[in-house]
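# Observations on the three-dimensional arrangement
Residue strings, one per chain:
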Amino acid sequence: MPTSWADSVSAAENLAAAAPPKSAYVPPHLRNRPASTDPPAQASYAGAAASGQGQSGYGGPNVGGSRWSGPRNDFQSGYGGGGGRGGGWNSRTGGWDRGREREANPFAEDDAEPFVEPENSGINFDAYEDIPVETSGDNVPPPVNTFAEIDLGEAVNQNIRRCKYVKPTPVQRHAIPIVLSGRDLMACAQTGSGKTAAFCFPIISGIMRGQFPRPPRPRVAFPLALILSPTRELSCQIHDEAKKFAYQTGVRVVVAYGGAPINQQLRELERGVHILVATPGRLVDLLERARVSLQMIRYLALDEADRMLDMGFEPQIRKIVQQMDMPPPGVRQTMLFSATFPKEIQRLALDFLSNYIFLAVGRVGSSTDLIVQRVEYVQETDKRSHLMDLLHAQRANGAHGKQALTLVFVETKKGADSLEHWLCMNGFPATAIHGDRTQQEREHALRSFKSGNTPILVATDVAARGLDIPHVAHVVNFDIPNDIDDYVHRIGRTGRAGKTGLATAFFNENNSSVARALADLMQEANQEVPAWLSRYAARSSHGGGKNRRGGNRFGGRDFRKDTSFNRGVTDYYGGGANMSSGYGASGGYAASYGGAGVTSAWD
DNA sequence: AAAAAAC
């Protein structure tokens, strides 16, 4: 076991260096890396804009009432003609980007990668092959092994190549066929496992091959798909990714979030939108102004769904999903994704789902092998000097000429401000991100951190979820969150894409309420649990309380399997699906899940 | 109790 932070890092680096490079599989976060040698995109699509006159309809910049395709079968035409003919989807690219402006190449800025490193270094590829997967629900479609098995169409296939995706990740292998088959889905998978692509690919494909009525009113946006996320930065990130997947497919992706001028967002919406990515507040605003209608929504995806349905967000989500004009479950297709899925939230989620499939994908490399978790006992008053010690060690250990990125989580916005200030005063280049900063400041902080200009970022939970920040070597839980799921999300900012990472937590009396949950979690992740923490855990846990996770090596477990849920409640299955059939786990893991909830497929 | 999310 490593004994110091510096040791942990060098051990991690050795481990990385020792891993033999393979070429076949590239996890999501190492993709898009070196400048692509793709030919200019238009070349392959030159002359493709040649279909009927209706094609300028959808999203056409200046067509008032006929933004949607004129001939109703325009989306359809050409699809099914086989990959070789290319007349179908490509023809639609002539629609909204023809003439006036060209669709910006979303792959262009991938060259600006500041961290140069050999492709594929240090990735535990084999770990991806062994990931346990659990599915439950009626008639679960079988997973696919390659992108070729799924007919996503030539335009999307080309984007997959541009993204340098060679092979679907586990969550993609399972989720894509499920969504393509039209089923609702609740998916537990770590962020960084390729979730975004898992729901974007089938949505884009579905929009390309579907037939949709033309939008009934001008000056109102009628998206076909809605993707909601809990933070503005995460919405931006999803939007950026989705743009890549939808490049030159004719499918328009627009993002809307608060803190930024609404006018530009309105203009984008007016040009037409198939997929709207949004944070809840701004979307409600747009709905109330009647600039967006949800009546044509066919796909609804909630990212970080457990956060979206928790107390803070639930009313807004209910308003958007249930009290506006969105089609009900069963008519639309609903997908919920998160790395954690507490039972109470799963129960809540029933209101939004219809006969759904539950999917749990284990983490890469048996849970958190790739993240070394340490807990240190630090009095409140000693936290700053202790942090300084860690940062000094890290600096001494200096990697690649640049200081490794360190993400420091604190509980409050005030705490973030004052810690940032203190670090800067003490010669550590730090910046901070939290909800009281302007959106400009937030985005600047994130950029500065990502680029390595400011290698220390102090953050509240605004940065805990979903954000993909490559090269974070160390997550410090300066304040330990009261909800253990938040801890899981926070440490997930490191150790991404098969890379190793370190997570250090400062524990003291104030955290005794999570001692048990933290100890259990670490134990389960094969981490060394300090004896003093175990004593805290034994002392302060009376019956477990609400902080007990349905622990296993997945982010969660289908609560429909709980006896306490099943007893006397037979009506939860959207439309009375047959409970007794179909709930066997497909992978042979069922037996492992019958017990106390801590057993896992790998025990 | 705090954080996030609209103007």
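Up top is the structure these notes are about.
For the structure given in this document, a descriptive report is provided here. (Residues numbered from 1 in each chain as written. Chains lettered and ligands numbered in written order. Predicted model: local features only at pLDDT ≥ 70, side-chain atom pairs only at ≥ 80, totals over all residues. Heavy atoms only, no water.)

Looking only at helices and strands, chain A has 20 helices and 14 strands in total. Buried residues in chain A amount to 59% of all 603 residues. Counting only contacts in chain A whose residues sit at least 6 apart along the sequence, the fraction spanning at least 24 positions is 79%. Of the roughly 23600 Å² of accessible surface on chain A, a fraction of 50% belongs to carbon and sulfur atoms. (Helix = DSSP H or I, 4+ residues; strand = E, 2+ residues; numbered from the N terminus. Buried < 20%, exposed > 50% of the residue type's maximum accessible area, 1.4 Å probe, protein only. Contact = heavy atoms within 4.5 Å. Areas by Shrake-Rupley, 256 points an atom, 1.4 Å probe, with all protein chains shown as cover.)

Below, the discussion takes up the side chain of T406. Positionally, T406 belongs in strand β10 (residues 405–409). The class of T406 is buried, set by a relative accessible area of 0%.

A few words on the pairing of strand β12 (residues 456–459). Here β12 shows no split at all, with I456 and V458 on one side and L457 and A459 on the other all buried. Across four bridges, the pairing between β10 and β12 is parallel. Looking at the pairing, V408 lines up with V458 of β12. The handedness of the strand β11 (residues 430–433) to β12 crossover, carried by helix α16 (residues 439–450), is right-handed. (Pairing = 2+ DSSP bridges. Right-handed = clockwise from strand over helix to strand, strands pointing away.)

Moving on, we come to helix α10 (residues 280–288). Within α10, the full set of buried residues consists of P280, R282, L283, V284, L286 and L287. Two residues or fewer past α10, A290 is found with a positive phi of approximately 60°.

Once that is clear, we can look at unusual backbone geometry. With phi around 40°, N355 is a residue other than glycine that occupies positive phi space. Position of N355 relative to the elements: it lies in the loop between α13 (343–349) and β8 (357–361). Phi is positive for N526, close to 65°, though the residue is something other than glycine. In this structure, N526 sits in the loop between α18 (515–524) and α19 (531–540).

The subject of this paragraph is the protein's contact with DNA strand B. Taken together, 24 residues surround DNA strand B, and among them G258, R282, K413, G435 and R442 come closest. Within 4 Å of the protein, the contacting atoms of DNA strand B are 75% sugar and phosphate, with bases supplying the remainder. G281 is positioned such that a nitrogen or oxygen atom in its backbone is 3.2 Å from a phosphate oxygen of DNA strand B. A distance of 2.4 Å separates a phosphate oxygen of DNA strand B from a polar backbone atom of G435. Residue contributions to the surface near DNA strand B peak at four residues, all from α10. For the surface near DNA strand B, the class distribution of residues is five nonpolar, 12 polar and seven charged. (Near = heavy atom within 4 Å. Polar contact = N/O pair within 3.5 Å; in protein donor to acceptor, adjacent residues only side chain to side chain. Nonpolar A, V, L, I, M, F, W, Y, C, P; charged D, E, K, R; others polar.)

Bringing the pattern of salt bridges into the picture now. As enumerated under the stated definition, the model contains 27 salt bridges in all. Where E288 meets K319, a salt bridge forms, and the shortest distance between an N and an O atom there is 2.8 Å. Taken together, the residues E288 in helix α10 and K319 in helix α12 (residues 314–322) connect sequence positions 31 residues apart. A salt bridge links R465 to D306, with the shortest nitrogen-to-oxygen separation between them at 2.8 Å. Of the two residues, R465 is situated in the loop between β12 and β13 (472–477) and D306 in helix α11 (residues 305–308); the sequence distance between them amounts to 159 residues. Summarising the burial analysis for this pair, R465 and D306 share the class buried. Through salt bridges with shared partners, a single network forms among K195, D303, E304, D306 and R465. (Salt bridge = Lys/Arg side-chain N within 4 Å of Asp/Glu carboxyl O.)

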